[in-house]
Structures are given as C-alpha cells and as structure tokens.
Amino acid sequence: MGNYDKTHQHILNVAWQLFSKHGFNETSTRQISSTCGIAIGTLFKHFDSKITILEACLDLRFHDVLELAKETDIHRPPRLKINHYAQYFYQFYCLHHRFYKVLFSQRLFCKTFQQQHMELIQSLVFADQPQFNKVKAAILLDCYYMTLLYGLGAETPNTKLMLRTLSQKVSIF
C-alpha cells in the first residue's frame with residue numbers, strides 16, 4: 001500500500017473514531033486532520049467534504065455486511081431475497097442510524113446516490129432471475145426503501161419492526 005492509500009485509510013480510521021466518540025456534527029474536518037497529523041489541505045486532497053468522509057467510512061463497514069449477506073443468500077424468489085438482504089442491511093443501518101440520518105438528509109435527493117443504492121439492491125435481488133417484471137421489481141425496491149426511510153425516521157429505529165413491515169408489504173408478491 002502506497003503513502004496515498006495509507007493516508008487515505010488513516011483518515012477514515014481517525015474520522016470514524018471521532019464521529020463515533022463525538023458525533024458527526026460535533027466533529028470538524030480540522031479535528032480530523034489535526035488528529036491524523038496532516039494538513040487540512042491534505043485531507044481535502046483525499047475527500048471533498050466531511051460528508052464524503054462519513055460516506056466512505058460507512059461504505060467501508062457496509063462492505064463487510066454485504067459480503068456476509070451474499071455468503072448466506074440461498075433464496076430464489078425476489079420477495080425472499082429482499083427480506084434476506086434487509087435482515088443484514090436494516091440491522092446495520094439501525095446500528096449506525098445517527099450517521100445514516102445525516103447521510104440520507106444530505107444525499108437522498110442526489111441522483112447518483114439514489115441510483116447507486118437502487119442498483120445494488122436490484123443486482124442482489126434480481127441477479128439470478130432470467131426474466132423479471134420491471135414494474136414488480138420497482139415496487140419491491142420502493143417497499144424496501146420506504147420501509148428503511150420510515151424506520152430510520154423513528155427516534156430509536158427498530159430492526160425487527162422494519163423487517164416485519166417489509167415482510168407484510170412484499171407478501172403480496
């Protein structure tokens with residue numbers, strides 16, 4: 001790993017520690033750079049903003065959850081697959097809900113952010129479906145995301161309640 005990659009990883013590790021200890025809003029980019037022992041300009045060579053740092057921190061941790069969910073996926077019908085992945089993803093989102101509330105509030109209406117997340121779920125749920133109804137697929141994805149957003153909007157998000165709600169919604173398929 002080269003110096004750039006080491007610094008990049010170090011920024012993510014330090015930022016995650018500071019975000020976890022102090023919260024996102026209470027952590028500044030100056031704090032992150034100072035704790036890392038780098039100039040603020042160096043930090044911004046790696047990340048455009050504090051929100052991109054948070055997004056990279058969450059993506060890094062989400063990747064492990066995604067791999068575990070893939071390994072345990074034995075389901076074929078899309079409604080079962082979406083429930084399977086929701087078990088892993090909703091739990092992760094709820095565990096880090098205070099960060100996802102910030103991230104979604106800043107990125108939710110960003111077309112590339114939406115598209116990236118929709119494509120991920122679509123590829124996981126419909127990858128082994130030779131043909132699938134695009135309207136039904138869109139409805140399943142809407143159920144997944146609306147349940148996620150509604151659940152994260154609660155004062156204390158509840159994974160079990162979110163999963164039960166999603167299961168009820170997709171049972172019509």
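Above this text you will find the structure in question.
Please read these numbers as outputs of a predicted model, since none were measured by experiment.

J.: What is the right way to read the side chain of histidine 84 from this model?
T.: Looking at the element boundaries, histidine 84 is found in helix 5 (residues 78-95). Looking at histidine 84, its side chain comes within polar contact range of the main-chain oxygen of alanine 69, at 2.8 Å. Apart from the residues within four sequence positions on either side, histidine 84 is in contact with Ala69, Thr72, Asp73 and His75.

J.: What is the right way to look at the packing of aromatic side chains in this model?
T.: Given two aromatic rings, one states the distance between the centres and the angle between the planes to describe the pair. Considering all chains together, one arrives at 15 aromatic pairs under this definition. Aromatic side chains phenylalanine 19 and phenylalanine 99 sit 6.3 Å apart centroid to centroid with 50° between the ring planes, which places their arrangement in the tilted category. Taken together, the residues span a long stretch of sequence, with phenylalanine 19 in helix 1 (residues 3-22) and phenylalanine 99 in helix 6 (residues 97-107) at a distance of 80 residues. When sorted by exposure, phenylalanine 19 lands in the same class as phenylalanine 99, which is buried. A network of ring pairs unites the aromatic residues Phe62, Tyr85, Phe89, Phe92, Tyr93, Tyr100, Phe104 and Phe113 as a single cluster.

J.: Please explain the nonpolar core as it appears in this structure.
T.: One broad rule of soluble globular proteins: the nonpolar side chains tend to lie buried together. Counting residues in each nonpolar core, the largest one holds 52 residues, and the members touching the most others are Phe89, Tyr93 and Tyr144. Sorting the residues of this core by element identifies helix 1, helix 2 (29-36), helix 4 (50-71), helix 5, helix 6, helix 7 (111-126), helix 8 (134-152) and helix 9 (159-170) as the ones contributing at least two each. Apart from residues no more than four positions distant in its own chain, tyrosine 144 is found in contact with Ile82, Ala86, Phe89, Tyr90, Tyr93, Ile121 and Leu166.

J.: What should I look at first to understand the environment of threonine 159 in this one?
T.: Tracing the sequence through the fold places threonine 159 in helix 9. In the structure, threonine 159 is positioned 70 residues away from phenylalanine 89 in sequence and 9.4 Å away in space, judged by C-alpha atoms. Apart from residues lying up to four places away in sequence, threonine 159 is in contact with Tyr90, Gln91 and Cys94.

J.: Is there a simple way to think about the pattern of salt bridges in this case?
T.: When the charged atoms of two side chains with opposite charge come close together, those side chains can pair. A complete count under the given rule lists three salt bridges for this structure. Note that arginine 107 is salt-bridged to glutamate 55, the shortest N-O span being 3.0 Å. Placement of arginine 107 in helix 6 and of glutamate 55 in helix 4 is noted, with a sequence separation of 52 residues between them. Comparing arginine 107 with glutamate 55 shows no difference in burial state: the two are buried.

J.: Even after reading the chapter, I still don't get helix 2, so can you show me in this structure?
T.: For the α-helix, the turn length of 3.6 residues means that residues three or four positions removed from each other point alike. The set of residues buried in helix 2 consists of Thr29, Ile32, Ser33 and Cys36. Looking straight down helix 2, one finds that the buried residues subtend no more than 95° of arc, so they occupy a single side. Residues of helix 2 that are exposed and point more than 90 degrees away from the buried face comprise Arg30 and Ser34. Next to the buried residues of helix 2 lie helix 1, helix 3 (40-46) and helix 4. Positive backbone phi, at 80°, marks glycine 37, one or two positions downstream of helix 2.

What counts and what doesn't
- Residues numbered from 1 in each chain as written.
- Predicted model: local features only at pLDDT ≥ 70, side-chain atom pairs only at ≥ 80, totals over all residues.
- Heavy atoms only, no water.
- Helix = DSSP H or I, 4+ residues; strand = E, 2+ residues; numbered from the N terminus.
- Polar contact = N/O pair within 3.5 Å; in protein donor to acceptor, adjacent residues only side chain to side chain.
- Contact = heavy atoms within 4.5 Å.
- Phe/Tyr/Trp six-rings, centres within 6.5 Å; stacked < 30°, edge-to-face > 60°.
- Buried < 20%, exposed > 50% of the residue type's maximum accessible area, 1.4 Å probe, protein only.
- Core = buried A, V, L, I, M, F, W, Y, C linked by side-chain atoms within 4.5 Å.
- Salt bridge = Lys/Arg side-chain N within 4 Å of Asp/Glu carboxyl O.
- Arc of directions from axis to C-beta.

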